[in-house]
Amino acid sequence: MTVPAFGEIDPPQRLLMGPGPVNVYPRVLRAMSADMLGQFDPEMTTYMNQTMALYRQVFMTENRWTFLIDGTARAGIEAALVSLIEPGMRVLLIRAGRFGLLLSEIAERIGADIRTLDLTWGEVATPEAIEAAIREHQPRVLACIHGDTSTTMTQPLENLGAICRRYDVLSYVDATATLGGMAVDVDGWGLDVVTAGLQKCMGGPPGSSPITISDRAAEHIFARRHVEKGIRGADADDGYGARIGSNYFDLAMIMEYWSERRLNHHTEATTMLYGARECARVMIEEGLENRFARHRAAGAAMTAGLRALGLRVFGDDAHRMTNVTGVWIPDGVNGETIRHRMREDFEIEIGKAFGPLAGKIWRIGAMGYNAMKHKVLLTLGALESTLAAEGFAVPRGAGVDAALMAWNHALPAALRNDRA
């Protein structure tokens, strides 16, 4: 058998301005090139502890159980749900986009008793609607998406934890698309379990899912603890609840691995841990409020520029994600042709849409390493050029001018050095 003569990987240097993944911070790439360590090497376990401490700051929490799930953001979602929800347990899901529906896909496989609060794509649930749904359905767990990139809208969470605790409901939030770009105030909002990913606002590669777990959620999860046979010792302390239905995503065992006991569960993804650790270091060095301000400025600039080009922005400004903007594809314009031209002529990628919005909107991101003034301006300039080439009348230069003005208005002068 002849082995194909594949060349060395040499991807084009694209500017990824879609809903994620985005271009990775160079510092993160450098950190990921460091050499391997054994999983119980004191240096390695020190890095694990440092990563936990760093992500407590990122999640704005004091939660002891703040660590990484090895796998993309969806691994964190599945680990959280399979460890919180027992078969037959009632769960309330807020569904207002593709990723709210994903929660249902996972909960169905677990065998949950699913109840839903369904909204039109682009809408968000009010605190009153959430509380009414909890009173009606009496779930044990409530799950929702913070920022759903399929709709580019943000679900307000300020009251969620208090409402859930009032009714003794455990809350789960998927913050994949917002962690690192918008405040995810876990303690301030009283949230129980929150997961995320690196490939969006954190400015890293996909492959690691940060997670934080409150003490009361940890107690619920440890009640389902069943120590794996091959590592059981005389001190094995099984819980009384139903065994978690996944070995790899068993949070009770993973938490033991990240605890002082270091009870072996899997071989930690060393390179991803290096990258996740550096993502958090970059964010903390920038300062959380500065980071959020930069993403707000990028979102405001993108929105202003799109409108100045004569385009309609999807959804309402009050609940728009700062890092991903949906924009209606103009009548008579082929959305995929524009995306192709952007990629081929300018090496810039913007995103298409899913579900009822497929073929109707583009999703344009500016997050993490790409939430920078010049990258927003380059994207708008390229979009203007490709729209004009396809016969859509655009006011030349208006998008860039409006975006620049919005950026300078939104960002304090002290932060306008355009360096992430």
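Residues numbered from 1 in each chain as written. Predicted model: local features only at pLDDT ≥ 70, side-chain atom pairs only at ≥ 80, totals over all residues. Heavy atoms only, no water.

**Comments concerning the packing of aromatic side chains**
Describing an aromatic ring pair means giving the distance of the ring centres and the angle of the ring planes.
Okay, so step 1: Evaluation of the coordinates by the stated rule reveals seven aromatic pairs.
Okay, so step 2: Here the aromatic rings of tryptophan 65 and phenylalanine 222 are separated by 5.6 Å at their centres, their planes lie at 70 degrees, and the arrangement is edge-to-face. Of this pair, tryptophan 65 sits in strand β2 (residues 65-70) while phenylalanine 222 sits in helix α8 (residues 215-222); the two residues are 157 residues apart in sequence, bridging distant segments of the chain. The pair formed by tryptophan 65 and phenylalanine 222 is uniform in burial state, with each residue classed as buried.
Okay, so step 3: Here the aromatic rings of phenylalanine 67 and tryptophan 258 are separated by 5.8 Å at their centres, their planes lie at 35 degrees, and the arrangement is tilted. Here tryptophan 258 lies in helix α9 (residues 251-258) and phenylalanine 67 lies in strand β2, a separation of 191 residues in the sequence. Comparing phenylalanine 67 with tryptophan 258, the two get one shared label, buried.
Okay, so step 4: Across from the ring centre of tyrosine 369, 3.8 Å away, lies the NZ or CZ of lysine 375, which sits over that ring. (Phe/Tyr/Trp six-rings, centres within 6.5 Å; stacked < 30°, edge-to-face > 60°. Helix = DSSP H or I, 4+ residues; strand = E, 2+ residues; numbered from the N terminus. Buried < 20%, exposed > 50% of the residue type's maximum accessible area, 1.4 Å probe, protein only. Lys NZ or Arg CZ within 6 Å of the ring centre and 35° of its normal.)

**What to know about the packing of helix α10 (residues 270-286) against helix α11 (residues 288-308)**
What describes two packed helices is the angle between their axes and the distance between those same axes.
Okay, so step 1: Relative to each other, α10 and α11 sit at 95 degrees, their axes nearing to 5 Å. For the element pair α10 / α11, the angle class is roughly perpendicular. Here Val282, Met283, Ile284 and Glu286 of α10 lie close against α11, whose contacting residues are Leu288, Asn290, Arg291, Phe292 and Arg294.
Okay, so step 2: Tallied by class, residues from the contact of α10 with α11 come to five nonpolar, one polar and three charged. (Axes fitted to C-alpha atoms, helices over the stretch in contact; angles between N-to-C directions. Parallel < 35°, antiparallel > 145°, perpendicular 65-115°, else oblique. Contact = heavy atoms within 4.5 Å. Nonpolar A, V, L, I, M, F, W, Y, C, P; charged D, E, K, R; others polar.)

**Comments concerning the nonpolar core**
Okay, so step 1: Within the largest apolar cluster, 88 residues are counted, with the highest numbers of intra-cluster contacts made by Tyr55, Phe67, Ile213 and Leu251.
Okay, so step 2: With eight residues, the single largest contributor to this core is α10.
Okay, so step 3: For phenylalanine 67, the residues in contact, after removing those within four places along its chain, are Met52, Ser209, Pro210, Ile211, Ile213, Leu251, Ile254, Met255 and Trp258.
Okay, so step 4: Ile329, Ala382, Leu387 and Phe392 belong to the second-largest nonpolar core, a separate cluster that totals 33 residues. (Core = buried A, V, L, I, M, F, W, Y, C linked by side-chain atoms within 4.5 Å.)

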